[in-house]
Amino acid sequence: MKTKDGIIKKGYCVKKINVKDNKIKSVECEVNGKLEKIEGDIFISSMPVKDLVSGIQGNAVPSKISKIAKGLPYVDFQTVGVLVKKMKLKNKTKMKTLGNIVPDCWVYVQEPEVKMLRFQVFNNWSPYLVKDAENTVWIGLEYTCSEGDKYWNMTDEEFSSFAINELASMDIIDKDDVIDYHREKVKKAYPAYFDTYKDMDKLVKYLNGYENLYCIGRNGQHRYNNMDHSMVTAFEAVKNIKTGKKTKENVWNVNTEKEYHEEKK
Ligand SMILES: Cc1cc2nc3c(=O)[nH]c(=O)nc-3n(C[C@H](O)[C@H](O)[C@H](O)COP(=O)(O)OP(=O)(O)OC[C@H]3O[C@@H](n4cnc5c(N)ncnc54)[C@H](O)[C@@H]3O)c2cc1C
């Protein structure tokens, strides 16, 4: 896709990173089953740090660093969207909603009997997300899991049915009211802070050694960055590139402040 000043290539998966003299020279991307080499002066990476390091070619990565990258943990995620005629939960608040459904956007699930962590009511984010917001409700059921575990490996049918049963078991819906459902899986949804994460500083130091490489975003920094943080890391990287600033602390330091912005004052 052509933009004003560049080209966006979709469907390209970076597999190999070729380096020389502390610089990234090119990346090799898998596209339509073939590898295509792309050279560049500057590389901004938002791919998972783990994959970035494992893609660096030519025995350039010291084994200690490789081990840290390999050991970085992630939590994976699955969600099932369920379209129902109605919810059994009653709106006991004074808040007016379309169809008089409960006004919550997100509900955290505390029941120890179920695996579900949270569900969201899409109608309440925006009625425009739902075709018939007066007479139907789209609910999103959220689960964490590990890629390859028994939940991850369930078929769409099996996992959706499992999730719908859990929602019904909490008396939130009647199974007979389900009109439609859809399941999505997200690998590496949450970068986690255990295993080799304790040595992340060594990995950052190593990556900073590539002078034309900027690691940004959430998995690109292996930090629990939200959308805003992720964008700010990109802004900081661009600022450095434009001003010729050599250190990258400002890029890595986004979202390291102790006081979190979402806290109520
Ligand atoms: C379930 C869930 C709910 C969230 N809710 C919120 C929220 O409510 N508010 C909020 O602010 N944030 C939320 N976030 C976080 C938000 O999604 C991230 O902070 C943000 O998407 C990170 O942006 P990014 O560009 O770093 O990564 P991404 O958006 O993940 O983009 C990285 C891209 O790199 C691609 N990629 C990976 N490897 C390669 C490779 N080898 N070659 C080429 N491309 C590659 C991926 O396909 C992906 O498109 C949520 C995240 C999850 C998982």
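Note that the structure is a prediction, hence the values are computed from the model and not measured.

Draft legend 1. Expanded view of the site of the ligand. Among the 17 residues in the neighbourhood of the ligand, the closest are listed as Met47, Ala189, Gly217, Asn226 and Met227. Mapped by element, the contributors of at least two residues to the shell around the ligand are β1 (13–20), β9 (178–191) and α6 (227–243). For the shell around the ligand, the element with the highest residue contribution is α6, accounting for three residues. Of the residues that constitute the shell around the ligand, the class distribution is eight nonpolar, six polar and three charged.

Draft legend 2. Fine view of unusual backbone geometry. In this model, Asn22 sits at a positive phi of 60°, which is unusual for a non-glycine residue. By the secondary structure assignment, Asn22 is in the loop between β1 and β2 (23–31). Positive phi, normally seen in glycine, also occurs at Lys188, with a value near 50°. Among the secondary structure elements, Lys188 is positioned in strand β9.

Draft legend 3. Region of the structure containing the nonpolar core. Membership of the largest hydrophobic core comes to 22 residues, with the highest contact counts inside it found for Val49, Val53, Ala69, Leu213, Tyr214, Cys215 and Val251. Those residues in contact with Val49, other than ones at most four positions away along the chain, are Ala69, Leu72, Leu203, Cys215, Asn219, Gly220 and His222. Within the second largest apolar cluster, 21 residues are counted, among which are Val82, Val84, Val130 and Cys145.

Draft legend 4. How the structure looks around the packing of helix α2 (residues 63–70) against helix α5 (residues 200–208). In the contact formed by α2 and α5, the axes pass within 9 Å of each other and the chain directions differ by 120°. Judged by the angle between their axes, α2 and α5 are oblique. In this structure, α2 crosses over α5, and the sense of that crossing is left-handed. Here Ile65, Ile68 and Ala69 of α2 come into contact with α5, specifically with Lys202, Leu203 and Tyr206. For the contact of α2 with α5, the per-class residue count stands at five nonpolar, no polar and one charged.

Draft legend 5. Summary view of the pairing of β1. As defined by bridge partners, β1 adjoins β2 across seven bridges and the pair is classed as antiparallel. Following the sheet pairing, Val14 is matched in β2 by Cys29. Count of turn residues in the β1/β2 antiparallel hairpin: two residues, of which Asp21 carries a positive phi of about 50°.

Criteria and cut-off values
Residues numbered from 1 in each chain as written. Predicted model: local features only at pLDDT ≥ 70, side-chain atom pairs only at ≥ 80, totals over all residues. Near = placed C-beta within 6 Å. Helix = DSSP H or I, 4+ residues; strand = E, 2+ residues; numbered from the N terminus. Nonpolar A, V, L, I, M, F, W, Y, C, P; charged D, E, K, R; others polar. Core = buried A, V, L, I, M, F, W, Y, C linked by C-beta atoms within 7 Å. Buried ≥ 20, exposed ≤ 12 C-beta atoms within 10 Å, placed from the backbone. Contact = placed C-beta atoms within 7 Å. Axes fitted to C-alpha atoms, helices over the stretch in contact; angles between N-to-C directions. Parallel < 35°, antiparallel > 145°, perpendicular 65-115°, else oblique. Left-handed = near helix turned anticlockwise from the far one by under 90°. Pairing = 2+ DSSP bridges.

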